[in-house]
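Descriptive structure summary
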Amino acid sequence: MPKKISKNFINNLIDSTNIIDIINSRVNLIKRGKNYVANCPFHKEINPSFYVNYEKQFFYCFGCKIHGNVIDFLINYDNLSFIESIQRLSEIHGLNLVYENQKINLFINKKIEYIKKCYKLLEKVCFFYKENLNHFKPNYLINRGINIDTINTFSIGITNKKYNGLYEYFNNDTELQNEIIKNGIVIVNEKNKKYDLFQNRIIFPIRNKYGKIVGFGGRSINKQIPKYINSPESNIFCKKKELYGIYELNIKHKIKKYIIVVEGYLDVISLVQNKIKYVVGLLGTAINIEHIKLLFSHTNNIIYCYDGDEAGINTAWKSLNMSLPYIYDGRTISFIFLPKGEDPDSIIKKEGKKLFKKRISKAIPMSKFIFKILIKKINIINNETRSLLTKLVIPLINKIPGKTMKIYLYKELGNNLGIPDINQLNINLLKEKERKKNKQKNDFKNNTIRILIGLLAQNPYLVKLTPSIKILNKIRLPGMNIFIDLIKTCLYNPNIKPSQLIENYRGKKLEKIIKKFIKWDHMIKNNKIKIMFIDSIKKIYNIALEKRQNLLINLERYKGLKKSEKQELWSINKELSK
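Let me sum up the structure you'll find in this document. (Residues numbered from 1 in each chain as written. Predicted model: local features only at pLDDT ≥ 70, side-chain atom pairs only at ≥ 80, totals over all residues. Heavy atoms only, no water.)

Okay, the nonpolar core next. One finds F216, F356 and M366 to be the most contacted residues of the largest nonpolar core, which totals 99 residues. A total of 10 residues in this core trace back to one element, the largest contributor, which is helix α5 (residues 102-135). Not counting residues within four places of it along the chain, the set of residues in contact with F356 comprises I260, L271, I276, C305, L338, I347, I348 and E351. Counting residues in each nonpolar core, the second largest holds 36 residues, with L455, I484, Y505 and I524 among its members. (Core = buried A, V, L, I, M, F, W, Y, C linked by side-chain atoms within 4.5 Å. Buried < 20%, exposed > 50% of the residue type's maximum accessible area, 1.4 Å probe, protein only. Helix = DSSP H or I, 4+ residues; strand = E, 2+ residues; numbered from the N terminus. Contact = heavy atoms within 4.5 Å.)

Below is the structure:
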């Protein structure tokens, strides 16, 4: 049976959470009337178009149109899944998740407790490695030019030369000894001997974005092979989802102009020590979608820093292709390529901060990189080769959601083909497409049924004023099924709020429609909402009666009416005359 979080638990969690507090801890909100406003954290802008409504517990951006409740915000801003966002809110309130199946609840709660135990264990292991560094002079680190402040910032440690030093450190606690074996930090060989996985290595604790140690990286001191090893994957560590230095970056810099992505631990450490502020490192894996989402949740500008050889160029091209679907307007990626045989750690020591900053300022923009690579592959000499370039570039442009960036790339394509008109042609096509899209979006007329749905979605207490479902089921109007479904949801949860309403429709067909109505500005004053709702109920009832009246009148003309139908027509006429 799949795990399903209790809807009541989710609704109670949302009810206990103030969306203003959650968003304000990440974005600087300013109160303006009933709303709070800020520059949108999801796209680049000068004038604030990001609004948060306290009463609805709902956010909406008039620029990029992103919207939703506190869960939607955490999903988009903190780059969490739906389940992770619920877990995050649960942690804030000190609650365990509640599932619809009691057996699952027991299992999950045990798992949560075990994960908490793992975090505490790794903190103790980290303390052991740091203590080792205090006992032994950190000659290796000092020789590498790493100072004490940097060592403390990143909690760098060392393993001693003792074969089983870590295991012996926990001699008085058999349970912890078993746990470090389970977590793969201590290895048991065929002869049942225990030894430290990171024996005789410099240790780099890996923290997740919340500051919890999830694993370790180790670099050999005496030319051991392999040079670098990581903790094995576990309940709390997946190296494809983590970036080294992300937590340290977050606690020092709330606003990041850019983030430089490098490949190694020492690359991050050396750059940060040399006042190159915004740096994170991959953990021996290629960049992936999870990394890109995480990076774009912290900055609008990613700079990939790779070797300048063929392997580095190929890696950069893969990074480009993976990043394109996340290039909304205001977001950019660019590339730094280092001289052959150099890495960020070595180059910063040779060149120093100023020259490395020049490299950052001269990073190759995405647009130039695309054409630089493709034009090298294609010698544009005739219409056939021009056609080939177009064939290769258009699919790349189509991956990008940002409209302005698309227009710019079409312009670049035209320039490279020697056909300036292609720019104007595609601008017009894009403008026309956007105009039609906007027309569809704005075609939201204030007809009676929409007013009813909008008022009820934003004010669920109005459900008390609705007639019975039996009566409404007889009314055949476009959108009536949505209104009836919404009534049923509100009747089932009498005290439901708009932010909780979203969760009842999450993953269902009506989710987008309900969200659209919750953010809709119906232009009705608060003191008139109740009257408008009652009047609109009467109006749709009359519309339904008029439709039935017309049908019966037409039947009378062509076929004649039965006695019961004549009585019905008489009743309708009497009702409408009121």
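Our focus in this paragraph is the pairing of strand β12 (residues 259-262). In β12, alternate side chains face the same way, and those of I259 and V261 on one face and I260 and V262 on the other are all buried. By the bridge criterion, 3 bridges tie β12 to strand β14 (residues 301-307) in an arrangement that is parallel. Looking across to β14, one finds that I259 is bridged to I302. Judged from the 3 bridges that link them, β12 and strand β13 (residues 279-281) form a sheet pairing that is parallel. Counterpart to I260 in the pairing with β13 is V279. Crossover handedness for the path β12 to helix α11 (residues 265-273) to β13: right-handed. (Pairing = 2+ DSSP bridges. Right-handed = clockwise from strand over helix to strand, strands pointing away.)

This part is about helix α21 (residues 480-492). Over its 13 residues, α21 runs 18 Å from end to end, which matches the ideal 18 Å to within 8%, given 1.5 Å per residue. Among the residues making up α21, those that are buried are M480, I482, F483, I484, L486, I487, T489 and C490. In the core, the buried residues of α21 are packed alongside α19 (448-458), α20 (469-473), α22 (498-505), α23 (511-519) and α24 (529-558). (Expected span 1.5 Å × (residues − 1).)

Our next topic: the pattern of salt bridges. The full count for this structure, using the stated rule, is 15 salt bridges. Ionic pairing is found between E503 and R506, a salt bridge with its closest N-O pair at 2.7 Å. Like R506, E503 is buried. Close ionic contact of E511 with K515 constitutes a salt bridge, the shortest N to O distance being 3.4 Å. Of this pair, E511 and K515 both sit in helix α23, 4 residues apart, which is roughly one turn of the helix. For the residue pair E511 and K515, the accessibility class agrees, reading buried in each case. Residues joined in a network through salt bridges with shared partners are D72, E503, R506, E511 and K515. (Salt bridge = Lys/Arg side-chain N within 4 Å of Asp/Glu carboxyl O.)

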